[in-house]
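A structural walkthrough
Okay, here's what each chain looks like letter by letter:
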Amino acid sequence: MSSHAELLRNVSLFANVDEAELQRISALLAERSFSKDAPIVSKDEPGDAMFVIARGRVKVCIQGEGGREVILNILKAGDFFGEMSLLDDLPRSASVVAAEDSTVLILKRDQFVEHVNNSPATGLNIMGELSRRLRRADDLISNLALLDVYSRVAHIMIDLAKRDGQEVEEGILIKERPTQQDIASMIGTSRETVSRVLSEFQKRGFVEMRGREILLSRKFTTDAAANAGP
Ligand code: CMP
């Protein structure tokens, strides 16, 4: 089996796609690598392809006035992006930038349409993923409107723990947490505020910072999210 087909087997987008179609589609994919911080897709440009992340991580973001950035999501190996322009024929809804050195597999519009026609499973998988992204966006909107900054930091930590956390004896370890600037851009606040809140959490024994690793203590999930205020 080709290494592309091997990878696609573990991509939720292609779950339940039959072997022959998986082989056919994997032979059509082009591979491209991007260095950290390189733009992969730019908001508002036309889109003629979608991407599956083979290696690395990407940031889905929107740049505001004066260089401010909102990070909508961070996607990792096995995730996909760029499907929206292929589905609604509108320009790219957001920019996508390599958050670390990354490799993507590229599927052109015509190949994507042919594949979805061949494989109803992929259509359902896309709808499932769009629902999950909408739920996440709904949570984010309500958190921005309803929660103070302590609770917002607590919620984003829990979100990161659910996606990337590893159970260890003392709690949940997030191995490569986003930078404090990236966390700030995910919850609409400043890097200084994130730094202040994380120091406060550390003082209270909710978290332990270890360079790029962060440990969420057992009492974090019970106390911090429910009662995070200053
Ligand atoms: P498209 O609009 O073609 O190009 C930008 C891509 O970013 C978009 O397709 C989606 O794949 C992805 N994207 C946009 N918004 C989100 C989000 N909230 N969460 C995850 N991915 C997103």
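In case you missed it, the structure is sitting above this.
The structure contained in this document is the topic of the report that follows. Because the structure is a prediction, the values reported are computed rather than measured.

Evaluation of the coordinates by the stated rule reveals 5 aromatic pairs. Plain terms: the ring middles of Phe201 and Phe206 are 5.8 Å apart, the flat faces sit at 75° to each other, and that makes the pair edge-to-face. Both residues of the pair, Phe201 and Phe206, count as buried. The positively charged end of Arg133 is found above the aromatic ring belonging to Phe80, 4.9 Å away from the centroid.

Taken together, 4 strands build an open sheet; the order of strands is S9-S10-S12-S11 and the sheet is antiparallel. Only two strands of the sheet have a single partner each, and these edge strands are strand S9 (166–168) and strand S11 (207–210). With direction set aside, neighbouring strand axes in the sheet form an average angle of 25°. Here helix H8 (residues 191–203) sits on the sheet in contact with S11 and strand S12 (213–217), set at roughly 115° to S11.

Attention shifts here to the pattern of salt bridges. Applying the stated criterion across every chain yields a total of 21 salt bridges. Between Lys59 and Asp182 there is a salt bridge whose closest N-O contact spans 3.3 Å. A residue pair is termed long-range when its members are at least 10 positions apart, and Lys59 in strand S4 (residues 57–63) and Asp182 in helix H7 (residues 180–187) qualify at 123 residues. Under the relative-accessibility criterion, Asp182 is labelled buried at 12%. The partner of Glu167 in a salt bridge is Arg218, and the shortest N-O contact between them spans 3.5 Å. Highlighted residues: Glu167 in strand S9 and Arg218 in helix H9 (residues 218–224), separated in sequence by 51 residues. Overall, the relative accessible area of 47% leaves Arg218 in the partly exposed class. Among the ionic contacts, a cluster of salt bridges with common partners joins Arg57, Lys76, Glu100 and Asp164.

Rules of the game
- Residues numbered from 1 in each chain as written.
- Predicted model: local features only at pLDDT ≥ 70, side-chain atom pairs only at ≥ 80, totals over all residues.
- Heavy atoms only, no water.
- Phe/Tyr/Trp six-rings, centres within 6.5 Å; stacked < 30°, edge-to-face > 60°.
- Buried < 20%, exposed > 50% of the residue type's maximum accessible area, 1.4 Å probe, protein only.
- Lys NZ or Arg CZ within 6 Å of the ring centre and 35° of its normal.
- Pairing = 2+ DSSP bridges.
- Helix = DSSP H or I, 4+ residues; strand = E, 2+ residues; numbered from the N terminus.
- Axes fitted to C-alpha atoms, helices over the stretch in contact; angles between N-to-C directions.
- Contact = heavy atoms within 4.5 Å.
- Salt bridge = Lys/Arg side-chain N within 4 Å of Asp/Glu carboxyl O.

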